[in-house]
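Structural description and commentary
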Amino acid sequence: MKKNTRKPAAVICLIMLLSTLPVSKTFAQDHEQQIRNIRQASNEALRAYNNELVLSFLTEDVLTTTGNGTLLAGKEALSKYIAAAGESKMFWVRTPEEIKVNEVKGLAWENGTWKGYDPEKGDTSIVGGSYAAMWTKETGQWLIKSQLFVALD
């Protein structure tokens, strides 16, 4: 009786091929979900006025362009900018529309919309617009390297 050796080899090749495709897609989805989770935690920290936690999601050399065009270089400059706002009750919610991840370079792109709320003026946003963020995974965790906000509403 002659054994068919072609089937097992073909099946093994097919299994190997199929097993590599979902893995890379799964990792990209995992990275995207990590960024979405961090974004949600950042939104919650903003709502809780926990500036220390908000800043923990950023690199030390983060570049931030505020909704009115002010450029802030570094986490310390952003911290001072926040402190200068005083006892403002404003908080912001960023809603991602797209996140793209480059696993090899450890970079990601996020863009979406943002809205600013003042609870003393009601539940409706009083300002908003579009934003983009560049994420990096240099330190082993996703952090925001630069962010641009444009006030459009």
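Model, not experiment: these values are computed from the prediction. (Residues numbered from 1 in each chain as written. Predicted model: local features only at pLDDT ≥ 70, side-chain atom pairs only at ≥ 80, totals over all residues. Heavy atoms only, no water.)

1. Brief notes about the overall build of the protein chain
- A count of helices and strands for the protein chain gives 3 helices and 6 strands.
- Listed by position from the N terminus, the elements making up the protein chain come as α-α-β-β-α-β-β-β-β.
- Per-residue burial over the protein chain gives 30% buried out of 153 residues.
- For the protein chain, contacts bridging at least 24 residues in sequence account for 51% of all contacts bridging at least 6.
- For the protein chain, the computed accessible surface area is about 10,000 Å², with 59% contributed by carbon and sulfur atoms. (Helix = DSSP H or I, 4+ residues; strand = E, 2+ residues; numbered from the N terminus. Buried < 20%, exposed > 50% of the residue type's maximum accessible area, 1.4 Å probe, protein only. Contact = heavy atoms within 4.5 Å. Areas by Shrake-Rupley, 256 points an atom, 1.4 Å probe, with all protein chains shown as cover.)

2. Observations concerning the layout of surface pockets
- Its volume calculated, the largest pocket comes out at about 800 Å³.
- Going through the elements one at a time, α1 (6-47), α2 (51-56), β1 (58-65), α3 (75-84), β3 (91-102) and β6 (143-151) are the ones with two or more residues in the lining of the largest pocket.
- Sort the elements by how many residues they give to the lining of the largest pocket and α3 lands first, with 4 residues.
- Classifying every residue of the lining of the largest pocket gives 16 nonpolar, 9 polar and 4 charged. (1 Å grid on protein atoms, 1.4 Å probe; cavity = no way out; pocket = protein on both sides within 12 Å on 5 of 7 lines; lining within 4 Å. Points joined across faces, edges and corners; volume = space filled by probe spheres on them. Nonpolar A, V, L, I, M, F, W, Y, C, P; charged D, E, K, R; others polar.)

3. Points about the environment of N111
- Within the fold, N111 resides in strand β4 (residues 107-117).
- With sequence-adjacent residues up to four places away left out, N111 is seen in contact with P96, E97, E98, Y131 and A132.

4. Section: the side chain of R94
- Within the secondary structure, R94 sits in strand β3.
- Put simply, R94 is tucked away with no salt bridge, and the nearest opposite charge, on E110, sits 7.2 Å away.
- In terms of polar contacts, R94 uses its side chain to reach the side chain of S42, at 2.5 Å.
- With residues up to four places along the chain from it excluded, the contact list for R94 reads R39, S42, N43, L46, T113, W114, Y131, Q147 and F149. (Lys, Arg positive; Asp, Glu negative; His and termini not counted. Salt bridge = Lys/Arg side-chain N within 4 Å of Asp/Glu carboxyl O. Polar contact = N/O pair within 3.5 Å; in protein donor to acceptor, adjacent residues only side chain to side chain.)

5. A look at a nonpolar patch on the surface
- Taken together, the side chains of L148, V150 and L152 define a hydrophobic patch exposed on the protein surface, amounting to about 260 Å² of accessible area.
- Relative to the assigned elements, L152 resides in the segment after β6.
- Residue classification places L152 among the exposed residues on the basis of a relative accessible area of 58%. (Patch = residues over 30% accessible without salt bridge, like charges linked within 9 Å, V, L, I, M, F, W, Y side chains within 5 Å.)

6. Examining the confidence of the model for the protein chain
- Across the protein chain, pLDDT averages 86, with 81% of residues at or above 70.
- Here residues 9-26 is a poorly scored stretch, pLDDT under 50, and it has 1 contact once near neighbours within four places are set aside; other chains count. (pLDDT = per-residue confidence, 0-100.)

7. Some words on the sheet that holds β4
- An order of β2-β1-β6-β5-β4-β3 is seen for the 6 strands of this open sheet, with the pairing classed as mixed. Two strands bound the open sheet, and with one partner strand each, they are β2 (71-73) and β3. On average, adjacent strands in this sheet sit at an angle of 20 degrees to one another, irrespective of strand direction.
- Inspection of the sheet shows β4 paired to strand β5 (residues 127-136) by 10 bridges, in the antiparallel sense. Bridging from a neighbouring strand, E110 pairs with A133 of β5.
- α3 contacts β1, β2 and β6 of the sheet and is inclined by roughly 60 degrees relative to β1. (Pairing = 2+ DSSP bridges. Axes fitted to C-alpha atoms, helices over the stretch in contact; angles between N-to-C directions.)

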